[in-house]
Amino acid sequence: MRKIAPFAFVLVCAMALPVLAQQKSPARQATPDVAAQPRYATVNLRADFTPDPHETRVEAGGDRQVQGLGNDCTGWIDYARPDVDLNYQAGNLPLYISGVAQADTTLIINDPSGRWICNDDLEGLNPGIIIQRPASGNYNIWIGTVDRGPPQPATLRISEVPPSRRK
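Cut-offs used in this document
Residues numbered from 1 in each chain as written. Predicted model: local features only at pLDDT ≥ 70, side-chain atom pairs only at ≥ 80, totals over all residues. Heavy atoms only, no water. Core = buried A, V, L, I, M, F, W, Y, C linked by side-chain atoms within 4.5 Å. Buried < 20%, exposed > 50% of the residue type's maximum accessible area, 1.4 Å probe, protein only. Helix = DSSP H or I, 4+ residues; strand = E, 2+ residues; numbered from the N terminus. Contact = heavy atoms within 4.5 Å. Phe/Tyr/Trp six-rings, centres within 6.5 Å; stacked < 30°, edge-to-face > 60°.

Caption draft 1: Looking closely at the nonpolar core. Leu86 and Ile97 are the most contacted members of the largest nonpolar core, which has 24 residues in total. Elements with a contribution of two residues or more to this core: strand E1 (41–46), strand E2 (54–60), strand E5 (84–89), strand E6 (95–101), strand E7 (105–110), strand E9 (128–131), strand E10 (137–145) and strand E11 (152–159). Apart from residues lying up to four places away in sequence, Ile97 is in contact with Leu86, Leu107, Ile109, Gly128, Ile129, Ile131, Ile141, Leu156 and Arg157. Listed in part, the 8 residues of the second largest apolar core include Val66, Ile77, Ile108 and Cys118.

Here you go:
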């Protein structure tokens, strides 16, 4: 009887170990968290806003490589929360969302319909997205870095003026 009890104890411990390990390791999110509070700002704009462009300073980058959001989606971001949430009331003008930085950056946006829109290099190494007929609603915005590394200073620009017409 003494030989069976230690064997049973070892067997129970061996079976419980994977369960305990799973409980200690949080599951990694499959997509960035669009419901989380933004890291830097919530911006509320309606068509014909001033000043144009509206600018928000951020630190681009994060600890997760973007995967599975679409062919143009690349870079490193923080999946835990967006950098900026844009609550936009649309009019008849297009919407231009871009990032400006000294580092090579990317732009990842989840639009009001839940669609992922991404860009790497619209103007040089700076990303930008042009939405010809923007919907009213919430846009979750991340500025990522192309390369893994420390966060990089960047500016998020939101405009209704085409980049080629800005002065």
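Text resumes after the structure shown.
Caption draft 2: View of the packing of aromatic side chains. Scanning the model with the defined rule gives 1 aromatic pair in all. Judged by centre distance (5.7 Å) and plane angle (45 degrees), the rings of Trp116 and Trp142 are tilted. Residue Trp116 is located in strand E8 (residues 116–119), and its partner Trp142 is located in strand E10; the two are separated by 26 residues in the primary sequence. Of the residues examined, Trp142 reaches a relative accessible area of 0% and is grouped as buried.

Caption draft 3: Geometry of unusual backbone geometry. A cis amide bond, omega -5 degrees, links Thr50 with the succeeding residue Pro51. Tracing the backbone shows Pro51 in the loop between E1 and E2. A cis geometry characterises the amide bond from Asp52 onward to Pro53, with omega recorded as 15 degrees. Within the fold, Pro53 resides in the loop between E1 and E2. One non-glycine residue, Asp48, adopts positive backbone phi at about 70 degrees. The topology assignment puts Asp48 in the loop between E1 and E2.

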